Amino acid sequence: MRSLLATLFITLSAVTTSAATYTSPVSFGRGVTAGSVFGIPRGGGLFGKGDKTDDSAPLAAGTEEGKVYPAMTQEEIEDWLEHIPVFAVTDTKGQGVVLKPDNETSVFFFFMSPQMANATLQQLKSTNEEMDLRLSAFSLGKIWFRILNSDNEKEVMLKSPGSSDDGIATKGVEYRLVPDTRDIMGARMLLTMDPADGEKLKAGESLTAEDAQAAIKKAMTEAPKFKQSYNEIPVFMIAQMRMQKQPKEGEEGEAINMLPVYFSLQNMVATWQQFTSQSPDTTGMEPAINLMDLHELVKKMQEESEIDFRNVLLIPPVPMAAGGPEATTGQAPSEEEQMAAQMGGSSLGAL
């Protein structure tokens, strides 16, 4: 019988083949052992339409009952996000390129996907050949509060790329963070899948072209969240998954169990399949998939909670090869990957 999770991902791949997949050279890192994935009680299913499960239920697993954990500080959240690269079109000095879709609006885009950022770069170059533009990588931790979630009435100077004049002071620039389109579609499909849809897939029934088109239409028209193409960033998790964070070199103590939260649905699916195939104890286990908006997750982190959010690990998208995330080890890094490895966020007015 075909796995429900595998069938879901096949469906997503079939209907979103034109979407770019974001890759990053950043490994799981931060003292986390990628191979330490294990299960909590069996069972699960898709987080979809009609599901009454609390979004944060998997986050609570493994926390100490009755204990209230202090809110995370802005500095802690910035550190939690700092290893996630985002990409933007800039000039050679790292100054951001602000787009004006109309006379009243000024927009600056950050992209989770370097391929989507590069597509914007190429489009701009094709119509503005005299502009010397490039892609720059920034740390999500450095821009989250200072740019993406700050008062957009802050005054900035706008001038034409390469111009020697001082520019024009303006306010109200909109900063938009754009997720990978395939992950947005995956989130919509998860939210609009009825229990009957899940049972049909779980039974291994064939997926017709009509079924795929119906699923995509339903996701596009009925999803209660992730309706925008920007500033709604889906993150995915499986309640049964954990990773282990080892003590730093020279430090004593036991390994800490961490809940991995993924930007990439593809990465999460591949990781789950890889480790369940290697563990007899997980044979036949259906994953309990949950998703949240990154903004909602950060908001919860800033409040006192019975959930220890410090034990949640945000996993950046990683390259995918035939053997899954780990099969890419040893491959020569792409230009975008080398850029992400050098991200600093020191431009855009030094943030």
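Located above this text is the structure these notes cover.
Here's what I pulled together on the structure shown here. Not measured: the values here are computed from a predicted model. (Residues numbered from 1 in each chain as written. Predicted model: local features only at pLDDT ≥ 70, side-chain atom pairs only at ≥ 80, totals over all residues. Heavy atoms only, no water.)

The subject of this paragraph is the nonpolar core. Counting 34 residues, the largest nonpolar core has Trp 80, Phe 110, Leu 140, Trp 144, Leu 177, Phe 263 and Leu 294 as the members making the most contacts within it. Breaking this core down by element, the ones donating at least two residues are helix H3 (74–81), strand E2 (85–91), strand E4 (105–111), helix H5 (140–148), strand E9 (234–238), strand E11 (256–262), helix H10 (294–301) and strand E13 (312–315). Residue contributions to this core peak at 6 residues, all from H5. Not counting residues up to four positions away in its chain, the partners in contact with Leu 294 are Trp 80, Leu 140, Trp 144, Ile 233, Val 235 and Phe 263. Ala 187, Phe 226, Trp 272 and Ile 289 belong to the second-largest nonpolar core, a separate cluster that totals 20 residues. (Core = buried A, V, L, I, M, F, W, Y, C linked by side-chain atoms within 4.5 Å. Buried < 20%, exposed > 50% of the residue type's maximum accessible area, 1.4 Å probe, protein only. Helix = DSSP H or I, 4+ residues; strand = E, 2+ residues; numbered from the N terminus. Contact = heavy atoms within 4.5 Å.)

A word on H3. Owing to its 3.6 residues per turn, the α-helix aligns residues three or four sequence positions apart on the same side. Taken as a whole, H3 has its buried residues at Ile 77, Glu 78, Trp 80 and Leu 81. Around the axis of H3, the buried residues are gathered within 160° of arc, so they sit on the same side. Buried residues in H3 make contact with strand E5 (133–139), H5, H10 and E13. (Arc of directions from axis to C-beta.)

For the coordinates displayed, the defined rule picks out 4 salt bridges. Glu 76 is the partner of Arg 310 in a salt bridge, and the nearest nitrogen-oxygen pair spans 3.1 Å. With Arg 310 in the loop between H10 and E13 and Glu 76 in helix H3, the pair connects residues that are 234 residues apart, well separated along the chain. Assessed through its relative accessible area of 31%, Arg 310 is described here as partly exposed. Since its relative accessible area comes to 29%, Glu 76 is described here as partly exposed. Here Arg 146 and Glu 78 are joined by a salt bridge, their closest N and O atoms 3.9 Å apart. (Salt bridge = Lys/Arg side-chain N within 4 Å of Asp/Glu carboxyl O.)

Scanning the entire structure with this criterion turns up 4 aromatic pairs. Taking the centre distance of 4.9 Å and the plane angle of 75° together, the rings of Phe 108 and Phe 110 count as edge-to-face. Here the two residues Phe 108 and Phe 110 agree in accessibility, since each one is buried. Note on Phe 110 and Phe 138: the rings are 5.8 Å apart at their centroids and 85° apart in plane angle, and the pair reads as edge-to-face. Note that Phe 110 is positioned in strand E4 and Phe 138 in strand E5, a separation of 28 residues in sequence. Pair check on accessibility: Phe 110 and Phe 138 agree, each one buried. Across the ring face of Tyr 230, the terminal group of Arg 176 is positioned such that the distance to the ring centre comes to 4.2 Å. (Phe/Tyr/Trp six-rings, centres within 6.5 Å; stacked < 30°, edge-to-face > 60°. Lys NZ or Arg CZ within 6 Å of the ring centre and 35° of its normal.)

Even without glycine at this site, Phe 226 takes up a positive phi of about 60°. The phi dihedral of Asn 231 is positive, around 65°, even though this residue is not glycine. Mapped onto the fold, Asn 231 is located in the loop between helix H8 (209–222) and E9.

Without other data, these values stay purely geometric and don't point to any function.
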